[in-house]
Each structure stands twice: as C-alpha cells, then as structure tokens.
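Chains, contacts and geometry: an overview
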Amino acid sequence: MQNLKNLFINAKAQLQTILDDAIDFRFEQYQYDEKNEKTEIVISFLLKKDSKSLIENSVTSLLSLPYDRQYKQVNFNSNNEIEKILIFDK
C-alpha cells in the first residue's frame, strides 16, 4: 500500500509543477502490467474554469462550482519513474 501512496505523491508533485492552480487531487485507478513491469495510475484534480466557459454556460455555471474535474493517466516504468502523462477529457 505504501508503494501506491508513493506513486500518487510522485504523480501529484509532477502535475503540480505543470498546473500550479490544480486542487483536490484524488487517486482514481491503478493497473499493473506484470509482463512489461509497468504501472499506470489515473489521478484527478480540480482546475478553475476559464472566464470564457463561465460566460458561455452562464445558466449552468450559476448552479455549479467554477471548477472542472480533470483526469490524467500517469505511466511509470519498472523503477517507478514517470514515463509519460496522458490527458483525458472528463
């Protein structure tokens, strides 16, 4: 279990260097490929909506928070080093 926590902390730290306004990070999914000794995790976080999307969706924005949940898949090699970060739409 400690290894999962370390993967999450590592991925979160890397994403925070790219996305300085991200908040509320969550560990969503874990997958280990024994054959290739690779690990994939999906983490999510909240990003502030831009003002343009708030204006375009003014009716729904009144009913929702000014944040969107984003999902990223982070791939690790056999040494638990980040290989790549993949972007997902909702």
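Cut-off values and rules
Residues numbered from 1 in each chain as written. Predicted model: local features only at pLDDT ≥ 70, side-chain atom pairs only at ≥ 80, totals over all residues. Heavy atoms only, no water. Pairing = 2+ DSSP bridges. Helix = DSSP H or I, 4+ residues; strand = E, 2+ residues; numbered from the N terminus. Axes fitted to C-alpha atoms, helices over the stretch in contact; angles between N-to-C directions. Buried < 20%, exposed > 50% of the residue type's maximum accessible area, 1.4 Å probe, protein only. Polar contact = N/O pair within 3.5 Å; in protein donor to acceptor, adjacent residues only side chain to side chain. Salt bridge = Lys/Arg side-chain N within 4 Å of Asp/Glu carboxyl O.

**Some points on the sheet that holds strand β4 (residues 82-88)**
By definition, the strands of a sheet pair up through backbone hydrogen bonds, in either a parallel or an antiparallel sense. Read across the sheet, four strands follow the order β1-β2-β3-β4 without closing on themselves; strand pairing throughout is antiparallel. With partners counted over all chains shown, the strands left at the sheet margins are β1 (23-33) and β4, one partner each. Neighbour-to-neighbour, the strand axes of the sheet open up by a mean angle of 25°, direction not taken into account. With eight bridges connecting them, β1 and strand β2 (residues 38-48) associate as antiparallel partners. Within β2, the position partnered with isoleucine 23 by the bridge is leucine 46.

**Some thoughts on the pairing of β4**
If a strand is regular, its side chains alternate between the two faces of the sheet. Note: strand β3 (residues 67-76) against β4, six bridges, orientation antiparallel. Following the sheet pairing, glutamine 73 is matched in β4 by leucine 86.

**What about unusual backbone geometry?**
Glycine aside, a negative phi is what most residues show, and trans is what most peptide bonds show. Backbone geometry at glutamate 37 places phi at a positive 55°, although glycine is not the residue there. For glutamate 37, the position within the fold is in the loop between β1 and β2. By relative accessible area, which is 43% here, glutamate 37 ends up partly exposed.

**Observations concerning the side chain of arginine 69**
The residue arginine 69 is located in strand β3 in this model. Side chain to side chain, arginine 69 and aspartate 24 meet in a polar contact 2.4 Å long.

**Description of the pattern of salt bridges**
Scanning the model with the defined rule gives three salt bridges in all. For the salt bridge of aspartate 24 with arginine 69, the shortest nitrogen-to-oxygen distance reads 2.4 Å. Taken as a pair, aspartate 24 in strand β1 and arginine 69 in strand β3 lie far apart in primary sequence, 45 residues in all. Exposure remark for aspartate 24: the relative accessible area of 33% places this residue in the partly exposed category. Of the charged contacts, one joins lysine 38 and glutamate 83 as a salt bridge, the two residues approaching to 3.1 Å between their closest N and O atoms. Taken together, the positions of lysine 38 in strand β2 and glutamate 83 in strand β4 put the pair 45 residues apart, joining distant regions of the chain. By relative accessible area, which is 34% here, lysine 38 ends up partly exposed. Residue class for glutamate 83 comes out partly exposed when judged on its relative accessible area of 41%.

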